[in-house]
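# Notes for the structure review
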Amino acid sequence: MIININRQSLVEPLKNIVGVSEQNQTMPILGHVLMEIKDGVCFLTATDLEVQVSYSCDIGVSENIRITVPARKFTDILRSLEAENVTLEVTPKDIVIKSGKSKFRVSALNPDDFPIITDDISDCMKIDSEALLKLVNSTSFSMGYQDARHFLNGLYIEFSQNNITAVATDGHRLAWSLRACELSSSEKSCIVPRKCINELKRILSSFNGNNDILTEVSVSSKNIQFCMHGYTLLSKLVEGNYPDY
């Protein structure tokens with residue numbers, strides 16, 4: 001199957017999601033990105049079984065395609081191309097990338113083997129994306145790193161009284177910050193792992209100061225989900241009781 005696509009429609013989102021995929025994994029499929037094109041919408045998904053990032057956008061392609069491609073290799077090839085128009089020849093075993101005089105072939109794995117994290121999260125809280133980025137940046141530097149007290153290796157987030165509070169500590173220093181948000185449910189709290197916070201900062205930083213973007217935050221007993229501007233970031237939570245800050 002052959003499709004024509006604009007290079008930038010893939011490069012920008014891939015830069016924000018390939019950080020999740022792991023290269024040195026016992027499961028090779030985790031080093032790949034799942035690319036699905038259905039009814040003119042392209043879906044890109046990367047995961048390491050703990051954190052999952054998805055992106056969707058309209059690309060105006062009528063064909064339906066489902067394939068996995070090596071995450072970093074595919075991204076590097078697209079970034080190296082000079083022409084904006086790219087032709088993708090997709091087969092079940094590989095994908096051929098053509099642009100101008102350049103031609104690349106990368107292998108593919110069975111997309112049915114790609115693991116997808118799912119959770120039925122209904123409650124949703126809304127916060128300005130720029131405010132959320134400031135909240136995370138002003139606290140995440142105090143998170144523990146590979147601390148034996150695993151609950152310190154993440155960012156503690158509380159939702160209460162139409163406010164969102166973020167707290168981080170490594171046992172030697174503590175950072176605390178508060179921002180307003182639209183709280184739609186009862187009070188909640190959770191510990192978000194370091195990798196999820198790093199990916200969240202990467203995505204929010206790519207919006208280039210767009211003040212009109214809202215982030216929808218949903219929390220369940222085991223997972224947290226952030227939805228913003230086509231991106232969906234879903235992560236497992238850190239278990240444990242956070243210290244009384």
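Data block above holds the structure.
Okay, so let's go over this structure. Computed from a predicted model, the values in this text were never measured in an experiment. (Residues numbered from 1 in each chain as written. Predicted model: local features only at pLDDT ≥ 70, side-chain atom pairs only at ≥ 80, totals over all residues. Heavy atoms only, no water.)

### Quick word on the sheet that holds strand β13 (residues 188-193)
To keep things clear, this is the line we draw: Pairing between strands requires that DSSP locate at least two bridges from one strand to the other. Under the DSSP-based scheme used, a helix requires at least four consecutive residues in state H or I and a strand at least two consecutive residues in state E, with every element numbered from the N terminus. For helices, the fitted axis covers only the stretch in contact; all axes are lines through C-alpha atoms, and the angles between them, taken along N-to-C directions, range from 0 to 180 degrees. Here, residues are in contact when the closest pair of their heavy atoms is within 4.5 Å.
Pairing within the open sheet is antiparallel, and its four strands lie in the order β12-β11-β10-β13. Unpaired on one side and paired on the other, β12 (174-180) and β13 mark the two borders of the sheet. Neighbouring strand axes in the sheet, compared pairwise and without regard to direction, differ in orientation by 20° on average. As judged from the seven bridges shared by strand β11 (residues 163-169) and β12, these two strands associate in the antiparallel manner. If you follow Val167 over to β12, its bridge partner there is Trp176. Helix α3 (residues 129-137) rests against β10 (154-160), β11 and β12 of the sheet, and its axis sits at about 165° to β12. The sheet strands contacting helix α4 (residues 194-205) are β10 and β13, and the helix crosses β13 at an angle near 85°.

### Quick look at unusual backbone geometry
A positive phi angle, close to 55°, is found at Asp39, a residue other than glycine. Tracing the backbone through its elements, the reader meets Asp39 in the loop between β2 (32-38) and β3 (41-47).

### A look at the pattern of salt bridges
Just so we agree on the cut-off: Here, a salt bridge means any side-chain nitrogen of Lys or Arg that lies within 4 Å of a carboxyl oxygen of Asp or Glu. Using a 1.4 Å probe on the protein chains alone, a residue whose accessible area is under 20% of its type maximum counts as buried, one over 50% counts as exposed, and one in between counts as partly exposed.
Here the structure, examined in full by the defined rule, presents 10 salt bridges. Residue Arg173 pairs with Asp170 through a salt bridge whose shortest N-O separation is 3.6 Å. Given the relative accessible area of 42%, Arg173 is considered partly exposed. Here the residues in one salt-bridge network are Glu36, Arg66 and Asp112, joined through shared partners.

### Remarks on the environment of Leu234
Along the chain, Leu234 turns up in strand β16 (residues 231-236). For Leu234, a relative accessible area of 4% puts it in the buried group. Sequence separation between Leu234 and Leu135 is 99 residues, and the spatial gap between their C-alpha atoms is 19 Å. Every residue in contact with Leu234, bar those within four places of it in the chain, is listed here: Glu50, Val51, Gln52, Ile117, Thr118, Ile121, Asn223, Ile224 and Gln225.

### Considerations on α4
Worth spelling out the cut-off: Here, expected helix span is obtained from the residue count minus one, scaled by 1.5 Å. Within this analysis, the arc is defined by the directions that extend from the helix axis to the C-beta atoms.
Helix length check: α4 (12 residues) gives 17 Å between terminal C-alpha atoms against 16 Å at 1.5 Å per residue, within 8%. All buried positions along α4 are accounted for by Cys196, Ile197, Glu199, Leu200, Ile203 and Leu204. One face of α4 carries all of its buried residues, which in axial projection span an arc of 165°.

### A look at the environment of Gln161
Within the secondary structure layout, Gln161 lies in the loop between β10 and β11. When the C-alpha positions of Gln161 and Asp113 are compared, they lie 43 Å apart, and in sequence the two are 48 residues distant.

Everything listed is a geometric property; what it means functionally is a separate question.
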